[in-house]
Amino acid sequence: MIDLELHVQLAETWRKPRGLWGWLTDNHHTTIGMNFIVTSFVFFLLGGIEAILMRTQLARPENHFVTNDFYNQLFTTHGSTMMFLFAVPMIEGLGIYIVPLMLGTRQMSFPRLNQFSYFSYLIGGLLLYAGFFLNFGPDAGWFSYVPLSGPEFAPGKRIDIWAQMITFTEIGSLGGAVSMIATIFKHRAPGMSLNRMPLFVWGELVTSFMIVFAMPAVMVASSMLASDRLIATQFFNKAEGGDVLLWQHLFWFFGHPEVYIIFIPGTTMMSTLVSAFTKRPVFGYVGMVLSLVATAFVGFGVWVHHMFATGLPELGLSFFTASSVLITIPTAFQVFSWIITIFHGKFIVRTPMLYVLGFLFIFVMGGLSGVMLASTPLDWQLHDTFFVVAHLHYVLIGGMLFPLIGALTYWFPKFTGKMMNETLGRWTFAFFFVGFNLTFFPMHNLGLHGMPRRVYTYLPTMGWNNLNMLSTVGAYVLGVGVLLFMANAVISLRSGAIAGDNPWGSFSLEWFTSSPPPPYNFLYLPTTRDRYEIWTMADDQPLVTGFRPDRREVLITKLMDAFPDHKIETPRPTIWPTLLAGATGIGVITAIFTPWGVPLGMLLAGIALTGWFWPKPPHHELLEEQP
Amino acid sequence: MTSSSYQDALHPAGPYANTIVGVWWFYLIVCTIVFVAVWIALFIAIRRARRRVEPDTLAPRAPRAMMLALAATTGLLLAMLVSSIAGARALSPQGKAVTREIQVTGHQWWWDIQYLDERSDHIAQTANELHVPVGERVRIILASSDVIHSFWVPNLHGKRDLIPGQKSIFVIQADKAGLYRAQCAEFCGLQHAKMAFIVIAEPKHDFEQWLATMRASAAQPKTADEQRGQQVFLSTSCGMCHAIKGTSAGSRVGPDLTHVGSRRTLGAAVIPNNRGNLSGWIADAGGVKPGVLMPPNPLDPDDLHALVAYLESLK
């Protein structure tokens, strides 16, 4: 029974401002989360178009579809987009939308920080594409190795745009991660102790911690590069006592954990889908959580396997071979767990479950080629060839995109209240799966047969013609899959079947409210008594009451056991975080052209922060309560 | 050796590439078995699950299966780790006696090759064409003059980066005579795709003969055409970048041209070296290799013809 009066009051209190002003000021986690999801999907499409252009160029040898200069911009922008503007923001956005619902709360911690993160990220993405469309897109690769990206060999502003884009998106990622960690630690429903959290929440938690530790490395690196270029520091100039390899260490100390930042939420989406469609808890919960944590730890100890060919001492290389092999074991545990779960469960064939199977095919293959690349002798042959292009797309598309499309299909009714079309969904999967393998499997062979990566063309006598053509055809098939997915989303949004609260009969608390959720998420906050909250609820499971309906109050619980602690009021919509992002944007973009951008940005940011933290008058009754 | 396997990691032509291919096949077999095993297990699981109306409510009996699978995984990974480290040991350049030292310096977008010798007048310099004697270990000293490049002859060995400001050591050996193609493997800018070179492995006798030729100064021009060509070379901008031993041109910005007529390719193994290609390259190298640092040279047709005749005579 819905308490209509309470509903009306809460809906007024949590009302989302509408229109452009609403978009600029709203900080509710569902709004920010959806902003992240939609924006990163748009960047995914742009990155995909770049991929199609590259494959078109490589379809035939000595092709003149694009110039070498433009090709270099294409692959740099493609890599940077997919890593910085699509993958990380997408998993963050999905977490920002879903995690508070899974925790049974009404709002995230630090909602204004979230809002600031989103607009920082948006400005960074727009900056990259402004450069790209004005034909000064970065062209030194998403890894931007010095000295090729340094002041001597990359004059102009292309690399500065890249470096500042990194700064923006990392600010965004860090802000999102901090707010995610605080939310998971302090906003859980009473009863949801740490060892009962849904695995997807664990995934977002572990990933957020990885972001906090990994992103500073690349921010340091990109800032050093920007200052080398802008104010002639010599961090990477060997002749002046700098070091070329320092860049690679810093970049990969971020870059390899980045892969796990993307992949860990992918595995927990897998766990979510497997449970939902086998109707059984995933086997070995503690083992699954420990796998995530172990992957995160070991993930920080493998970065040198990107640098096997740089001539580092061999004993050190063996250590990194061993750690890169070791990291397979926790993931193997997860794969075995899913198989055991299926073995004991039902097997309900719905579209998301097809992506689970797709993951198990593609990711397992990518993981195995990863074991190959961990071996120094094999890596010396395969490094920087198309074999690596195949491997990285098998692990990233297999490990992140397939679970993601499955998860978006699974959560689409939660976002919109409508079901996605099942028939179209299956066709989408077929195009994705066939197109993906057709595109990337031949690249293994190309690499073994000597084709290096990042080449804009190749000679017709090299024997690479047919495999490249096959790969290009595959890319177009994959592209059709993406179009089908979008068509399905649009059609289903307009005329999909009404979903209801919990269309899949699933287990976690996001399904314990209506679809789409009301602006206040839950009329009464739920409590839980075990993992798989909905499946294990008692008939008389209590609900939390005692919140003032006229204020945006949320419940704060204890870190370990989620015992109710106190309640706090969370901020209403405000423009200041957006203005702060704008101020930071003006400062950082001006700094591309003159060092005066830094003080300018600080001044503007100071003004925005003053507005943000301007003291608000306390509530009257609080004053009365004071002794 | 067909043209499509002359740049190919799966067609080893020497002991080091052979070692790597050995590790590769071992890994490939193990990985295939693992992949098939995972999918058989998954099929069995799905078949059982499809027959069920309701999920199992019993506690899983799986811990034993999990332990077994993890033990098998760990065992296989250890076997692969051992084979990898053994392979790396076999490839290590340390403690390997060599007969010759060659310094390879990467430039945007070509390779400078010097055969080192204790006698400085015995140093031979060439570009984009590496000759090695069959059956002998050769030490390659790698350096870069600008950005990072990577030295990679897949038929002979894996990669080693050329990093500005540091020298790395690499040992290669070819056991089969033949021509192998090599290509830069670290993205190095506009023409990374067209920064290649060829390796010619030849019997010791042929190699020594070739090296003796390379040590010598350039042939003197004989015909009138060639003499005029030399004049053109020395009086226009050619000498600002290129060296021809035995003439006043001694710049090291571009490839050494002392014996350019004997080389099989032009533009860093991009086009065959013949009269037509050479003329086109001199007139407008950027037309063949967009972005190349060599500027177009609008020469008078007769001058160009003479210059080509001269360069072709530099065998």
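This one's a predicted model, so the numbers in the text were calculated from it and none came from an experiment.

Student: Give a detailed account of the overall build of chain B, specifying residues and quantitative values.
Tutor: What chain B contains, in helices and strands, is seven helices and 12 strands. In terms of overall size, chain B is more extended than a compact globule, its C-alpha atoms giving a radius of gyration of 27 Å where 315 residues would be expected to give roughly 20 Å. Dimensions of chain B along its principal axes, counting C-alpha atoms only, are 95 × 45 × 35 Å. When contacts within chain B are restricted to residue pairs at least 6 apart in sequence, long-range pairs at least 24 apart make up 65% of them. Put simply, chain B shows about 13400 Å² of open surface, and 60% of that area lies on carbon and sulfur atoms. Side chains of chain B carry 30 positive and 25 negative charges; the gap between the two charge centres is 14 Å.

Student: Can you tell me about the overall build of chain A, naming the residues and giving the values?
Tutor: Each helix and strand counted, chain A has 19 helices and four strands in total. Relative to the compact-globule value of 25 Å for 627 residues, chain A shows a C-alpha radius of gyration of 25 Å, a close match. In terms of principal-axis extent, the alpha carbons of chain A reach across some 80 × 60 × 50 Å. Counting across all 627 residues of chain A, residues that qualify as buried make up 65%. Residue pairs at least 24 apart in sequence account for 81% of intrachain contacts in chain A once pairs closer than 6 positions are excluded. For chain A, the accessible area works out to roughly 21600 Å², and carbon and sulfur atoms hold 71% of it. Taking the 33 positively charged and 35 negatively charged side chains of chain A as two groups, their mean positions are separated by 6 Å.

Student: Describe the packing of helix H7 (residues 199–231) of chain A against helix H9 (residues 285–299) of chain A, naming the residues involved and giving the relevant values.
Tutor: Residue and element names in this part refer to chain A. As a packed pair, H7 and H9 sit with axes 10 Å apart at the nearest point and diverge in direction by 15 degrees. Compared by their axis directions, H7 and H9 come out roughly parallel. In the crossing of H7 with H9, the sense of the turn from one axis to the other is right-handed. On H9, the residues that touch Leu-199, Trp-202, Gly-203, Val-206 and Met-210 of H7 are Tyr-285, Met-288, Val-289, Leu-292, Val-293 and Ala-296. Class assignment for the residues of the contact of H7 with H9 results in 10 nonpolar, one polar and no charged.

Student: Before we move on, can you summarise the pairing of strand S5 (residues 138–144) of chain B with the specific residues and values?
Tutor: All names here are of chain B. With six of its seven residues buried, S5 lies for the most part within the structure. Pairing of strand S1 (residues 100–107) with S5, which is carried by seven bridges, proceeds in the parallel orientation. By the bridge assignment for S5, Thr-105 is matched with Ala-143. As paired strands, S5 and strand S8 (residues 168–172) are joined by five bridges and run antiparallel to one another. Among the inter-strand pairings, Leu-142 is bridged to a residue of S8, identified as Ser-168.

Student: Describe the sheet that holds S1 of chain B, listing the residues and the values that go with them.
Tutor: Residue and element names in this part refer to chain B. If you trace the five strands from one edge of the open sheet to the other, you get S3-S2-S1-S5-S8, paired in mixed fashion. The strands lining the two open edges of the sheet, one partner per strand, are strand S3 (124–127) and S8. Shown here is a sheet whose adjacent strand axes are inclined to one another by a mean of 25 degrees, direction ignored. Seen against the sheet, helix H3 (residues 204–215) touches S1, strand S2 (110–115) and S3 and runs at an angle of roughly 95 degrees to S3.

Student: Before we move on, could you go through the side chain of His-444 of chain A and cite the residues and values that matter?
Tutor: For His-444 of chain A, the position within the fold is in helix H15 (residues 422–448). Setting aside chain neighbours within four positions, we find His-444 of chain A in contact with Ser-369, Phe-387, Ala-390, His-391 and Tyr-394 of chain A.

Student: Before we move on, could you go through the layout of surface pockets and cite the residues and values that matter?
Tutor: Residues and elements named next belong to chain B. Computed from the structure, the second largest pocket encloses a volume of approximately 720 Å³. Along the walls of the second largest pocket sit 35 residues, with His-242, Gly-254, Pro-255, Trp-281 and Met-294 positioned nearest its centre. Sorting the residues of the lining of the second largest pocket by element identifies strand S11 (265–266), helix H5 (275–283) and helix H7 (301–313) as the ones contributing at least two each. A breakdown of the residues in the lining of the second largest pocket according to their chemical character gives 21 nonpolar, 10 polar and four charged.

Student: So what about the packing of aromatic side chains? Which residues, and what values?
Tutor: Under the counting rule described, the total for this entry stands at 74 aromatic pairs over all chains. On the numbers, 5.6 Å between centres and 70 degrees between planes, the contact of Phe-132 of chain A with Phe-133 of chain A is edge-to-face. Looking at Phe-132 of chain A, the relative accessible area reads 8%, which means it is buried. Classification of Phe-133 of chain A as exposed rests on a relative accessible area of 59%. Positioned over the ring face of Trp-152 of chain B is Lys-159 of chain B, at 3.9 Å from the centre of the ring.

Student: So, the sheet that holds strand S4 (residues 129–133) of chain B: which residues are in play, and what are the values?
Tutor: All names here are of chain B. Read across the sheet, three strands follow the order S4-S10-S9 without closing on themselves; strand pairing throughout is mixed. Every other strand in the sheet has two partners, leaving S4 and strand S9 (178–183) as the edge strands with one partner each. Mean inter-strand twist for the sheet, computed between neighbouring axes without regard to direction, equals 25 degrees. Where S4 and strand S10 (residues 196–202) come together, five bridges link them in parallel fashion. Bridge assignment links Pro-133 to a residue of S10, and that residue is Glu-202. Against the sheet, H3 makes contact with S4 and S10, and its axis sits at roughly 135 degrees relative to S4, the strand it touches most.

Student: Which residues make up the packing of H7 of chain A against helix H8 (residues 244–278) of chain A, and what values do they have?
Tutor: Residue and element names in this part refer to chain A. Here H7 crosses H8 at 160 degrees, and the two axes come no closer than 8 Å. Classified by the angle between their axes, H7 and H8 sit roughly antiparallel to one another. Crossing geometry of H7 relative to H8 is assigned as left-handed. Its residues placed into classes, the contact of H7 with H8 shows 26 nonpolar, six polar and two charged.

Student: Got a sec to walk through empty space enclosed by the protein? Specific residues and values, please.
Tutor: All names here are of chain A. In total, this model carries eight cavities of 30 Å³ or more according to the counting rule given. The space that makes up the largest cavity amounts to roughly 90 Å³. Every residue along the wall of the largest cavity is listed here: Arg-196, Met-197, Pro-198, Leu-199, Phe-200, Ser-271, Thr-272, Tyr-285, Phe-507, Arg-531, Tyr-532 and Glu-533. For the lining of the largest cavity, the secondary structure elements donating two or more residues are H7 and H8. Residues of the lining of the largest cavity, tallied by class, amount to seven nonpolar, two polar and three charged. In this structure, the second largest cavity encloses a volume near 70 Å³.

Student: Requested: an account of the interface of chain B and chain A, with residues and values cited.
Tutor: Residue-level contacts link 83 residues of chain B with 82 residues of chain A. Surface buried jointly by chain B and chain A totals about 7000 Å² across both partners, of which 70% is contributed by carbon and sulfur atoms. When residues of chain B are sorted by the area they lose upon contact with chain A, Met-66, Lys-159 and Phe-187 of chain B head the list and together hold 10% of the total. On the surface where chain B and chain A come into contact, there are one salt bridge. We note a salt bridge from Lys-194 of chain B to Glu-62 of chain A, for which the minimum N-O separation is 3.4 Å.

Conventions we followed
Residues numbered from 1 in each chain as written. Chains lettered and ligands numbered in written order. Predicted model: local features only at pLDDT ≥ 70, side-chain atom pairs only at ≥ 80, totals over all residues. Heavy atoms only, no water. Helix = DSSP H or I, 4+ residues; strand = E, 2+ residues; numbered from the N terminus. Rg over C-alpha atoms; globule rule 2.2 N^0.38 Å. Contact = heavy atoms within 4.5 Å. Areas by Shrake-Rupley, 256 points an atom, 1.4 Å probe, with all protein chains shown as cover. Lys, Arg positive; Asp, Glu negative; His and termini not counted. Charge placed at Lys NZ, Arg CZ, Asp CG, Glu CD. Buried < 20%, exposed > 50% of the residue type's maximum accessible area, 1.4 Å probe, protein only. Axes fitted to C-alpha atoms, helices over the stretch in contact; angles between N-to-C directions. Parallel < 35°, antiparallel > 145°, perpendicular 65-115°, else oblique. Left-handed = near helix turned anticlockwise from the far one by under 90°. Nonpolar A, V, L, I, M, F, W, Y, C, P; charged D, E, K, R; others polar. Pairing = 2+ DSSP bridges. 1 Å grid on protein atoms, 1.4 Å probe; cavity = no way out; pocket = protein on both sides within 12 Å on 5 of 7 lines; lining within 4 Å. Points joined across faces, edges and corners; volume = space filled by probe spheres on them. Phe/Tyr/Trp six-rings, centres within 6.5 Å; stacked < 30°, edge-to-face > 60°. Lys NZ or Arg CZ within 6 Å of the ring centre and 35° of its normal. Buried area = accessible area lost by both parts, 1.4 Å probe. Salt bridge = Lys/Arg side-chain N within 4 Å of Asp/Glu carboxyl O.

These results come straight from atomic positions and should not be treated as a statement about function.
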